[in-house]
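Residue-level listing of the chains:
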Amino acid sequence: MAACPTDFTRDSACRDGRAAGHLKLISIFLIFITSVIGVSSPVLLTRFFHGKPVYDKAILIIKCFAAGVILSTSLVHVLPDAFDALSDCRVASHHPWRDFPFSGLITMVGALVALLVDVTATSHVEHGQYNPVEDSGGEIGLLVAGDLKSEMVGGEGGREEELVKMKQKLVSKVLEIGIIFHSVIIGVTMGMSQNQCTIRPLVAALAFHQIFEGMGLGGCIAQAGFSFTTTSYMCFMFSVTTPMGIVLGMVLFSITGYDDNNPKALIMEGLLGSFSSGILIYMALVDLIAVDFFHNKMMSSNQWLKKTCFIALLLGSASMSVLALWA
C-alpha cells in the first residue's frame, strides 16, 4: 500500500510545539472575546430597541442574516472539513471508510435527528402545554403547563403567539447544540495540533468566524425572548466552547501525545463534523429560512421587507463563505 504523500521538509519546519503553544494561548483569549462580542451584540441591541416601531423588522433582518451565516457555516466550513477528514488517505485506504460515503450518511442522520427532536418537542408543546379543562361554572379554560397561566379559549391569538415563542426557544436551543458540536471539534483540533503554520491563519480566521456565527445565534436567542438568566447562560456557553475545546486538545496532547493527524482522530473529526453539519443545515433551511420566508405574516405583506431580508440572507452567507479562504 502506497504511503500518503507528505512535504516532510515543510512539515518539520512548521511543527514547533513551543511556538504552537504560544499561538494557542493567544487564540483562547482572542476567540473568547470575539465570541462574546458576536453573540451579545444582537441581544443587547434587542433589549435596547424592544418596543420601538422598528424592533420587529430589525430582529427579522438580523435573523435572516443569522440564517445565512449558519447555512454557510454548515455547507462551506463544517461539511467540507468532515469530507476531507474521512477522505484522507490514512483513513480512506482502509475498510469500511473506502467503501462507503460516511460523511454524507452521518450528515443525513444529523438532519433526521434534528427533525425528530423538532417534531417531538413541537408535538409536546402543542398537546402537552395546553389541555382543555372545564371549570365549575361550565366555562372552558386552558390548563397551561410550566410557567404559563390558565387562560380562556377566547384567547386563541395569545395561545398561537405563545406556541410560536416556545417554538423559537426550541429552535435556539437545538441550534446552539449544533454549533457547540462543531465548536468543540474546531477547538480540540487546534489544541492538539503542533503545526504553527496551520494554527497561525486559523487564529485570525476563527476570531471573525466566531463574530459572525455569534451574531447568528445571538439573533435567534434575542428573538426567542428567554429570561435574562437563560440568555446569559446560552451566550456564555457559546463563548467558552471553542476556548475550552482548545484547552482540552492541549491537555489531551500533553497526556497522550495523540497526534491530530492520527487516523482515529481524523475519523472522530469527520463523524462529529458531519453530524453537526446535518443539524445546522436542517435548522438553517427548515426552522429559520422556510419559517420566515413562507410563514411570516409581516414579511409576506411587505415586499420591501422581504427583499431586505433576502439581501441580509445573502450577506450572511457571503460573509461566512469568504472566511473559508483562511479557515
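Quick caveat: nothing in here was measured; it's all calculated off a predicted structure.

Undergrad: Explain the packing of helix H3 (residues 55-87) against helix H11 (residues 303-322) to me, using residue names and the numbers behind them.
TA: The N-to-C vectors of H3 and H11 enclose an angle of 35°; their axes lie 7 Å apart at closest approach. The two elements H3 and H11 meet at a crossing, and its hand is right-handed. Where H3 approaches H11, its residues Lys 57, Leu 60, Ile 61, Cys 64, Phe 65, Ala 67, Gly 68, Val 69, Ser 72, Thr 73, Val 76 and His 77 are matched on the opposing element by Leu 305, Thr 308, Cys 309, Ala 312, Leu 313, Leu 315, Gly 316, Ser 317, Ser 319, Met 320 and Ser 321. A breakdown of the residues in the contact of H3 with H11 according to their chemical character gives 13 nonpolar, 9 polar and 1 charged.

Undergrad: Kindly report on the packing of aromatic side chains, identifying the contributing residues and their values.
TA: In this description, an aromatic ring pair is defined by two values, namely the gap between the centres and the angle between the planes. Enumeration according to the criterion identifies 3 aromatic pairs in this entry. A ring pair is formed by Phe 100 and Phe 102, whose centres lie 5.3 Å apart and whose planes are at 65°; its orientation type is edge-to-face. Phe 100 sits in the partly exposed class, given a relative accessible area of 42%. Ring centres of Phe 293 and Phe 310 lie 6.5 Å apart, and the angle between their planes is 90°; this geometry places the pair in the edge-to-face category.

Undergrad: Please give an account of a nonpolar patch on the surface that cites residues and values.
TA: Taken together, Phe 32, Ile 33, Val 36 and Ile 37 make up a surface patch of nonpolar side chains, about 320 Å² in accessible area. Position of Ile 37 relative to the elements: it lies in helix H2 (residues 17-49). The exposure class of Ile 37 is partly exposed, given its relative accessible area of 44%.

Undergrad: Mind laying out the UniProt feature "transmembrane region" (unreviewed entry) in the chain, listing which residues take part and the relevant values?
TA: UniProt records the feature "transmembrane region" (unreviewed entry) at residues 25-46, 58-80, 100-121, 174-193, 199-221, 233-255, 275-296 and 308-326, using the numbering of this structure. End-to-end, the C-alpha atoms of residues 275-296 are 29 Å apart, and along that stretch the chain is 95% helix and 0% strand.

Undergrad: Before we move on, could you go through the side chain of Ser 74 and cite the residues and values that matter?
TA: Relative to the elements of secondary structure, Ser 74 occurs in helix H3. Note on Ser 74: relative accessible area 0%, which makes it buried. At 2.7 Å, the side chain of Ser 74 forms a polar contact with the backbone oxygen of Leu 71.

Undergrad: If you had to explain the pattern of salt bridges to someone new, which residues and values would you point to?
TA: Between side chains of opposite charge, a pair can form as their charged atoms come close. On inspection of all chains with the given rule, the structure shows 3 salt bridges. Between Asp 292 and Lys 63 there is a salt bridge, with its nearest N and O atoms 3.5 Å apart. Remark: Lys 63 occurs in helix H3 and Asp 292 occurs in helix H9 (residues 263-295); sequence separation between them is 229 residues. Exposure remark for Asp 292: the relative accessible area of 3% places this residue in the buried category. Of the charged contacts in the structure, one is a salt bridge between Asp 88 and Arg 90, with a shortest N-O distance of 2.9 Å.

Undergrad: Before we move on, could you go through the nonpolar core and cite the residues and values that matter?
TA: If you look at the biggest cluster of nonpolar residues, it comprises 42 residues, and the most contacted ones within it are Leu 175, Leu 217, Met 283, Leu 288, Phe 293 and Cys 309. Only H2, H3, helix H5 (102-128), helix H6 (156-192), helix H7 (196-224), helix H8 (228-256), H9 and H11 provide two or more residues apiece to this core. With 9 residues, the top contributor of residues to this core is H9. Setting aside its immediate chain neighbours within four residues, Leu 175 contacts Ile 70, Leu 217, Cys 220, Leu 280, Met 283 and Leu 288. If you look at the next biggest cluster of nonpolar residues, it comprises 9 residues, including Ile 28, Met 190, Leu 206 and Ile 246.

Undergrad: Lay out H8 with the relevant residues and their values.
TA: Taking 1.5 Å of rise per residue, the 29 residues of H8 would be expected to cover 42 Å, and the 41 Å separating its terminal C-alpha atoms lies within 8% of that figure. Bending of H8 peaks at approximately 35° at the position of Thr 241, with proline Pro 243 no more than four residues after it. Those residues of H8 lying buried are Thr 231, Met 234, Cys 235, Phe 238, Ser 239, Val 240, Thr 241, Thr 242, Pro 243, Gly 245, Ile 246 and Gly 249.

Undergrad: Explain the environment of Gly 104 to me, and be specific about the residues and the numbers.
TA: By the element assignment, Gly 104 lies in helix H5. Linking Gly 104 and Phe 275, residues 171 residues apart in sequence, is a C-alpha distance of 9.3 Å.

Undergrad: Give a description of the environment of Ala 111 that names residues and reports values.
TA: Its location among the elements puts Ala 111 in helix H5. Sequence separation between Ala 111 and Phe 275 is 164 residues, and the spatial gap between their C-alpha atoms is 7.7 Å. The residues contacting Ala 111, other than those within four sequence positions of it, are Gly 278, Ile 279 and Tyr 282.

What counts and what doesn't
- Numbering of residues starts from 1 in each chain and follows the order in which that chain's sequence is written.
- Under the rules for a predicted model, residues below a pLDDT of 70 receive no local features and side-chain atom pairs below 80 are neither given nor counted, while totals for whole chains, interfaces and linings still include all residues.
- With hydrogens and water excluded, all non-hydrogen atoms of the structure serve as input to the side-chain values.
- Orientation is described by lines fitted to C-alpha atoms, with helices fitted over the stretch in contact, and by angles between N-to-C directions that extend from 0 to 180 degrees.
- For the purposes of this entry, the term helix denotes a DSSP run of H or I that reaches at least four residues, the term strand denotes a run of E that reaches at least two, and both are numbered from the N terminus.
- By convention, the crossing between two helices is left-handed when the near helix turns anticlockwise from the far helix through less than a right angle, and right-handed when the turn is clockwise.
- Contact criterion: two residues are considered in contact whenever any of their non-hydrogen atoms come within 4.5 Å of each other.
- Residue type decides the class: Asp, Glu, Lys and Arg count as charged, Ala, Val, Leu, Ile, Met, Phe, Trp, Tyr, Cys and Pro as nonpolar, and the leftover types, Gly among them, as polar.
- Each aromatic pair joins two rings of Phe, Tyr and Trp (for Trp, the six-membered one) with centres within 6.5 Å, and gets the label stacked for planes under 30 degrees apart, edge-to-face for over 60, and tilted for any other angle.
- Here the term buried applies to any residue with accessible area under 20% of the maximum for its type, exposed to any over 50%, and partly exposed to those in between, with areas from a 1.4 Å probe on protein chains only.
- Like-charged residues within 9 Å of one another, or nonpolar side chains (Val, Leu, Ile, Met, Phe, Trp, Tyr) within 5 Å, are grouped into patches, provided each residue has over 30% relative accessible area and no salt bridge.
- Computed with the Shrake-Rupley method and a 1.4 Å probe, the accessible areas treat only the protein chains shown as cover for residues.
- The working definition used for a salt bridge is a side-chain nitrogen of Lys or Arg within 4 Å of a carboxyl oxygen of Asp or Glu.
- UniProt positions are given in the numbering used here, feature names are shortened, and annotations may be inferred rather than shown by experiment.
- Whenever a nitrogen or oxygen atom comes within 3.5 Å of another N or O atom, the pair is scored as a polar contact, on the condition that within protein one atom can donate a hydrogen and the other can accept it, and that pairs from neighbouring residues in sequence are kept only if both atoms are in side chains.
- Nonpolar core, defined: a set of buried Ala, Val, Leu, Ile, Met, Phe, Trp, Tyr and Cys residues in which side-chain atoms within 4.5 Å join the residues together.
- Here a helix's expected span is defined as the number of its residues, less one, multiplied by 1.5 Å.
- Consider a residue and the seven residues that end there alongside the seven that start there; fitting an axis to each set, the bend is the angle between those axes.

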